[in-house]
Amino acid sequence: MSQVPYASAVRSLIYAMVCTRPDLAYAVSTVSRFMSNLGKQYWEAAKRVLRYLRGTARLGLVFQRLKTGKPRLLQGYVDVDYAGDLDQ
């Protein structure tokens, strides 16, 4: 297992997650926990995430206009308490 490019693979997954693929956040956080204590099962998990990326490379979200020609309103929601900061 010392010859496996695990750290490089995890760094690549982190880059993909931060730049374009937020859906990878949970999987990347899980495989990145084992950077210093690599086992075969963690390498298999990282390879599975890489295979998922390869299989979903052409998928994405498409936002279309309504038939009336008006653009749809895109809304996003978050659940944040600013770490309990009372000044916010």
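Predicted model, so just to flag it, every value in this text is computed and none were measured.

Colleague: What am I meant to see in the packing of aromatic side chains here?
Modeller: The description of an aromatic ring pair uses the distance of the two centres, along with the angle that the planes make with each other. Scanning the model with the defined rule gives 2 aromatic pairs in all. Here the aromatic rings of Tyr6 and Trp43 are separated by 6.3 Å at their centres, their planes lie at 65°, and the arrangement is edge-to-face. Residue Tyr6 is found in helix 1 (residues 6-19), and its partner Trp43 is found in helix 3 (residues 40-55); the two are separated by 37 residues along the sequence. Taken together, a centroid distance of 3.8 Å and an interplanar angle of 5° make the contact between Phe34 and Tyr42 stacked. Owing to a relative accessible area of 22%, Tyr42 belongs among the partly exposed residues under this scheme.

Colleague: Can you help me understand the packing of helix 1 against helix 2 (residues 25-32) in this one?
Modeller: The relative placement of two packed helices comes down to the angle between their axes together with the axis-to-axis distance. Viewed as axis vectors pointing N to C, helix 1 and helix 2 meet at an angle of 155°, and their least axial separation amounts to 10 Å. On the basis of the axis angle, helix 1 is roughly antiparallel to helix 2. Remark: the crossing between helix 1 and helix 2 carries left-handed chirality. The residues of helix 2 that touch helix 1, namely those facing Tyr6, Val10, Leu13, Ile14 and Met17, are Ala25, Val28, Val31 and Ser32. Residues of the contact of helix 1 with helix 2, tallied by class, amount to 8 nonpolar, 1 polar and no charged.

Colleague: Got a minute to help me understand the layout of surface pockets in this structure?
Modeller: Rolled over the atoms, a probe sized like a water molecule indicates the empty space that remains. In this structure, the largest pocket occupies an estimated 160 Å³ of space. Along its surface, the largest pocket is lined by Thr20, Arg21, Pro22, Asp23, Thr56, Leu59, Gly60 and Leu61. Class assignment of the residues belonging to the lining of the largest pocket gives a composition of 3 nonpolar, 3 polar and 2 charged.

Colleague: Can you help me understand the pattern of salt bridges in this one?
Modeller: Think of it this way: side chains of opposite charge can pair up when their charged atoms draw near. Applying the stated criterion across every chain, the model contains 2 salt bridges. Of the charged contacts, one joins Arg21 and Asp23 as a salt bridge, the two residues approaching to 3.0 Å between their closest N and O atoms. Its relative accessible area of 43% is what places Asp23 among the partly exposed residues. Across the pair Glu44 and Lys47 runs a salt bridge, and its minimum N-O distance is 3.4 Å. You can see Glu44 and its partner Lys47 sitting in helix 3, 3 residues apart, about one turn around the helix.

Colleague: Would you explain the packing of helix 1 against helix 3 in this entry?
Modeller: Packing of helix 1 against helix 3 leaves a shortest axis separation of 10 Å and a crossing angle of 40°. Taken together, the axis directions place helix 1 and helix 3 in an arrangement best described as oblique. As for the relative orientation of helix 1 and helix 3, their crossing is left-handed in sense. The residues of helix 3 that touch helix 1, namely those facing Tyr6, Ala9, Leu13 and Ala16, are Tyr42, Trp43, Ala46, Val49, Leu50 and Leu53.

Thresholds applied
Residues numbered from 1 in each chain as written. Predicted model: local features only at pLDDT ≥ 70, side-chain atom pairs only at ≥ 80, totals over all residues. Heavy atoms only, no water. Phe/Tyr/Trp six-rings, centres within 6.5 Å; stacked < 30°, edge-to-face > 60°. Helix = DSSP H or I, 4+ residues; strand = E, 2+ residues; numbered from the N terminus. Buried < 20%, exposed > 50% of the residue type's maximum accessible area, 1.4 Å probe, protein only. Axes fitted to C-alpha atoms, helices over the stretch in contact; angles between N-to-C directions. Parallel < 35°, antiparallel > 145°, perpendicular 65-115°, else oblique. Left-handed = near helix turned anticlockwise from the far one by under 90°. Contact = heavy atoms within 4.5 Å. Nonpolar A, V, L, I, M, F, W, Y, C, P; charged D, E, K, R; others polar. 1 Å grid on protein atoms, 1.4 Å probe; cavity = no way out; pocket = protein on both sides within 12 Å on 5 of 7 lines; lining within 4 Å. Points joined across faces, edges and corners; volume = space filled by probe spheres on them. Salt bridge = Lys/Arg side-chain N within 4 Å of Asp/Glu carboxyl O.

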